[in-house]
Amino acid sequence: MTDAAQGATSQGRRPGPAAARFAALRDRVHTLLPGPLRRIIPTTAIGFAMLSSFTYAVDLAVLALMFRGLHLPYPIAVTVGYLVAFTLAFLLNRWLNFQSHGDVGEQTGRYVLTVIANYLIFILLLASTLEALGVHYLVARLIAGACEAVYMYLMMRLFVFRQKRYA
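Keep in mind that what you see is a predicted model, and the values were worked out from it rather than measured. (Residues numbered from 1 in each chain as written. Predicted model: local features only at pLDDT ≥ 70, side-chain atom pairs only at ≥ 80, totals over all residues. Heavy atoms only, no water.)

**Digging into the overall build of the protein**
Here is step 1 of the chain: Helix and strand counts for the protein come out as 7 helices and 0 strands.
Here is step 2 of the chain: Ordered by position from the N terminus, the helices and strands of the protein form the series α-α-α-α-α-α-α.
Here is step 3 of the chain: Put simply, the protein has 167 residues, and 35% of those count as buried.
Here is step 4 of the chain: Once local pairs closer than 6 in sequence are excluded, the contacts in the protein between residues at least 24 apart make up 65%.
Here is step 5 of the chain: Surface summary for the protein: the accessible area is close to 10,000 Å², and the carbon and sulfur share equals 71%. (Helix = DSSP H or I, 4+ residues; strand = E, 2+ residues; numbered from the N terminus. Buried < 20%, exposed > 50% of the residue type's maximum accessible area, 1.4 Å probe, protein only. Contact = heavy atoms within 4.5 Å. Areas by Shrake-Rupley, 256 points an atom, 1.4 Å probe, with all protein chains shown as cover.)

**Describing the packing of aromatic side chains**
Here is step 1 of the chain: Applying the stated rule across the entire model yields 10 aromatic pairs.
Here is step 2 of the chain: Aromatic pair Phe67 and Tyr74: ring centres 5.4 Å apart, planes at 85°, arrangement edge-to-face.
Here is step 3 of the chain: By relative accessible area, which is 33% here, Phe67 ends up partly exposed.
Here is step 4 of the chain: Between Tyr82 and Tyr119, the aromatic rings sit 5.8 Å apart at their centres with planes inclined by 65°, giving edge-to-face as the arrangement. Here the residue Tyr82 occupies a position in helix H5 (residues 74–97), and Tyr119 occupies one in helix H6 (residues 104–132), the gap between them amounting to 37 residues.
Here is step 5 of the chain: Under the relative-accessibility criterion, Tyr82 is labelled buried at 15%.
Here is step 6 of the chain: Aromatic ring contacts, followed pair by pair, group Phe48, Tyr82, Phe86, Phe90, Phe98, Tyr111, Tyr119, Tyr153 and Phe161 into a single cluster.
Here is step 7 of the chain: Against the face of Phe159 rests Arg110, its NZ or CZ located 5.9 Å from the ring centre. (Phe/Tyr/Trp six-rings, centres within 6.5 Å; stacked < 30°, edge-to-face > 60°. Lys NZ or Arg CZ within 6 Å of the ring centre and 35° of its normal.)

**Digging into H5**
Here is step 1 of the chain: The end-to-end C-alpha distance of H5, which contains 24 residues, comes to 32 Å, matching closely the 34 Å that a straight helix rising 1.5 Å per residue would cover.
Here is step 2 of the chain: Among the residues making up H5, those that are buried are Ala77, Gly81, Tyr82, Ala85, Phe86, Ala89, Phe90, Leu92, Asn93, Arg94, Leu96 and Asn97.
Here is step 3 of the chain: Phi for Gln99, located one or two positions after H5, is positive at around 45°. (Expected span 1.5 Å × (residues − 1).)

**Some details on unusual backbone geometry**
Here is step 1 of the chain: Residues other than glycine seldom take positive phi values, yet His71 does so here, at roughly 60°.
Here is step 2 of the chain: By secondary structure assignment, the location of His71 is in the loop between helix H4 (43–69) and H5.
Here is step 3 of the chain: Non-glycine residue Gln99 carries a positive phi angle of around 45°.
Here is step 4 of the chain: Locating Gln99 in the fold gives a position in the loop between H5 and H6.

**Considerations on the environment of Ala57**
Here is step 1 of the chain: Among the secondary structure elements, Ala57 is positioned in helix H4.
Here is step 2 of the chain: The class of Ala57 is partly exposed, set by a relative accessible area of 43%.
Here is step 3 of the chain: Separated by 28 residues in sequence, Ala57 and Ala85 have C-alpha atoms that sit 8.5 Å apart.

**Focus: the pattern of salt bridges**
Here is step 1 of the chain: Per the counting criterion, the structure on display carries 3 salt bridges.
Here is step 2 of the chain: One salt bridge connects Asp27 with Arg26, and the closest N-O pair in it is separated by 3.2 Å. (Salt bridge = Lys/Arg side-chain N within 4 Å of Asp/Glu carboxyl O.)

**Some remarks on the nonpolar core**
Generally speaking, soluble globular proteins have nonpolar side chains that are buried together.
Here is step 1 of the chain: By size, the foremost hydrophobic cluster in this structure holds 17 residues, and its most contacted members are Phe86, Tyr111, Val115, Met152, Met156 and Phe161.
Here is step 2 of the chain: Looking at this core element by element, the count peaks at 5 residues for helix H7 (residues 137–160).
Here is step 3 of the chain: The contact partners of Phe161, leaving out residues within four places of it in the chain, are Phe90, Asn93, Arg94, Phe98, Ser100, Gln107 and Met156. (Core = buried A, V, L, I, M, F, W, Y, C linked by side-chain atoms within 4.5 Å.)

As structure tokens, then:
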């Protein structure tokens, strides 16, 4: 049973049609992984990667619209894109990937803390430190982005959308 399906059934709910279709696609992609990877990478990690790719594209599209289309200052355009993308990532992961039915207020609070820590640790501290040490700024941002992805997935699975386990 998939991570999300187990959570949905333990909470007494069945996923809706969109969530069920997403889970089926995510699970199909998961089966394409080589056996050893399939055993250690949860299906929700695949779903997170799929949704993150989509929300990153939305982030860039909003950035382009705000900066090039509406001629807003770059820092404002970046911030709007970042906020739209992380809000969308929260909603899509809650609904489709983790199929969480927990208290949305609690989850939102935990998510906001996670995003703030993510921004400070990876986007500002790690990328800036690497760049200051002589790593090309794009390479520094890519390294920080890879660390950020692992951190965000783990925090969403273990903290934001944590499932209560009963013995």
